[in-house]
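Tertiary structure, described
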Amino acid sequence: MSDNNKIGTYKFVAEPFHVDFTGRLTLGVLGNHLLNCAGFHATDRGFGIAALNEDNYTWVLSRLAIELDEMPYQYEEFSIQTWVENVYRLFTDRNFALIDKEGRKTGYARSVWAMISMNTRKPADLLTLHDGGIMDYICDEPCPIGKPSRIKITSTEPVTSLIAKYSDIDINGHVNSIRYIEHILDLFPMEMYREKRIRRFEMAYVTESHYGDELNFFMDNAGNDMYDVEVKKNGGEVVCRSKVIFTKK
């Protein structure tokens, strides 16, 4: 199988309700598009969530790193490409490229996924999926951004807290992975987004949270427009960590 057949390409438009006050696509919407493309690509190749659910398995996003030169503007057409970079026993690496209306690659993303049992919530052996058939889709298409990093937080006082509500909860019954991104971006003032844009954003998911959980947000200013964020639930357990790096427009 050629590498071209291993790469999925999906077209989108930056709808007016998908952009922020600057007219650019929001990171939350881009994140949803990335996850949808991962689902489309996996489904087209026989290992999508619907097929896994029949055997009581599902995909879980573990890590995500997005690096951007430019976001699509309102009404602009753009595409997202995705491919599988590596498959290990318990994890798989999936990459993405963001392509503007002129065909230029204006951003990339790296992600790490696990297949888990819906009964035990434990990772399952990917090499047994379709007798290792997922290995056939490994592709050496370049993704020239760094892998997700280790994120450590020293702050002990939360900068804000919230209770997980209806709009946070997805079909799996826990807080949607993209909602954490949106809540983290809300930690920064509007003035920050007027003067700067996000150059790199990372998420590391640790455990699930559910309706009614209290989410506490801790943040370190690491300097050079870099911020590290940790989300804990109900005063203790870490739910996820994030790194946000801004740059001047």
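Looking at an unreviewed UniProt entry, the protein carries the name Acyl-ACP thioesterase, with the source organism given as Prevotella heparinolytica. Checking UniProt for the protein, the heading Sequence similarities (unreviewed entry) contains the comment "Belongs to the acyl-ACP thioesterase family."

Structural notes on helix H2 (residues 27-44)
Along its 18 residues, H2 runs 26 Å from first to last C-alpha, staying within 8% of the 26 Å computed at 1.5 Å per residue. If you check which residues of H2 are buried, you get Leu27, Gly28, Val29, Leu30, Gly31, His33, Leu34, Cys37, Ala38, His41 and Ala42. After H2 finishes, the residue Gly46 shows a positive phi value of roughly 90°.

Focus on the nonpolar core
Core analysis: the largest hydrophobic core is formed by 59 residues, its most contacted members being Leu27, Leu30 and Trp59. Looking at this core, the element that brings in the most residues is H2, giving 7 residues. Each of domain 1 (3-137) and domain 2 (160-248) accounts for three or more of the residues forming this core. Sequence-distant contacts of Leu30, defined by excluding residues within four places in its chain, comprise Leu25, Ile66, Leu68, Met71, Ile80 and Leu98. Membership of the second largest hydrophobic core comes to 7 residues, among which are Ile7, Tyr108, Cys139 and Ile145.

Observations regarding the side chain of Gln81
Along the chain, the position of Gln81 falls in strand S3 (residues 77-87). With a relative accessible area of 16%, Gln81 lands in the buried category. Here the side chain of Gln81 touches Thr9 through a polar contact of 3.4 Å, side chain to side chain. Excluding anything up to four places from it in sequence, Gln81 contacts Ile7, Gly8, Thr9, Asn95, Phe96, Ala97, Ile99 and Lys105.

Quick look at unusual backbone geometry
One non-glycine residue, Tyr75, lies in positive phi territory at about 75°. Here the phi dihedral of Arg121 falls at roughly 65°; this positive angle occurs in a residue that is not glycine. Relative to the helices and strands, Arg121 resides in the loop between strand S5 (105-117) and strand S6 (160-163).

A short note on the pairing of S5
Across the 13 residues of S5, 12 count as buried, placing the element largely inside the fold. As paired elements, strand S2 (residues 57-68) and S5 share 11 bridges and run antiparallel to each other. If you follow Leu61 over to S5, its bridge partner there is Trp113. Relative to S5, strand S4 (residues 92-99) runs antiparallel, the two sharing 8 bridges. Across the sheet, Asp93 pairs through a bridge with Val112, a residue of S5. The antiparallel pairing of S4 with S5 creates a hairpin that spans 5 residues between the two strands, and Gly103 there sits at a positive phi of about 90°.

Here we look at the pairing of S4
Summarising burial for S4: 8 of the 8 residues are buried, a large majority. The alternating pattern of S4 places Thr92, Arg94, Phe96 and Leu98 on one face and Asp93, Asn95, Ala97 and Ile99 on the opposite face, and all of these are buried. Both S3 and S4 contribute to a ladder of 8 bridges, which runs antiparallel. Bridge pairing in S4 places Ile80 opposite Leu98. Turn length for the S3-S4 hairpin, with the two strands adjacent in sequence and antiparallel, is 4 residues.

Focus on the domain arrangement of the protein
Under the domain assignment used here, the protein contains domain 1 (3-137) and domain 2 (160-248). One C-alpha centre belongs to domain 1, the other to domain 2; they are set 20 Å apart. Each side of the interface is counted separately: domain 1 has 17 residues, and domain 2 has 19 residues. For the pair domain 1 and domain 2, the summed buried surface comes to about 1,600 Å²; carbon and sulfur atoms form 55% of the total. Considering only the surface of domain 1 that becomes buried against domain 2, Phe21, Leu27 and Leu64 emerge as the three largest contributors, covering 30% of it. Where domain 1 packs against domain 2, one counts 3 salt bridges. Of the charged contacts, one joins Glu67 and Arg200 as a salt bridge, the two residues approaching to 2.7 Å between their closest N and O atoms.

The rules behind the values
- Residues numbered from 1 in each chain as written.
- Predicted model: local features only at pLDDT ≥ 70, side-chain atom pairs only at ≥ 80, totals over all residues.
- Heavy atoms only, no water.
- UniProt positions renumbered as here; feature names shortened; annotations may be inferred.
- Helix = DSSP H or I, 4+ residues; strand = E, 2+ residues; numbered from the N terminus.
- Expected span 1.5 Å × (residues − 1).
- Buried < 20%, exposed > 50% of the residue type's maximum accessible area, 1.4 Å probe, protein only.
- Core = buried A, V, L, I, M, F, W, Y, C linked by side-chain atoms within 4.5 Å.
- Domains from an automatic or database assignment.
- Contact = heavy atoms within 4.5 Å.
- Polar contact = N/O pair within 3.5 Å; in protein donor to acceptor, adjacent residues only side chain to side chain.
- Pairing = 2+ DSSP bridges.
- Buried area = accessible area lost by both parts, 1.4 Å probe.
- Salt bridge = Lys/Arg side-chain N within 4 Å of Asp/Glu carboxyl O.

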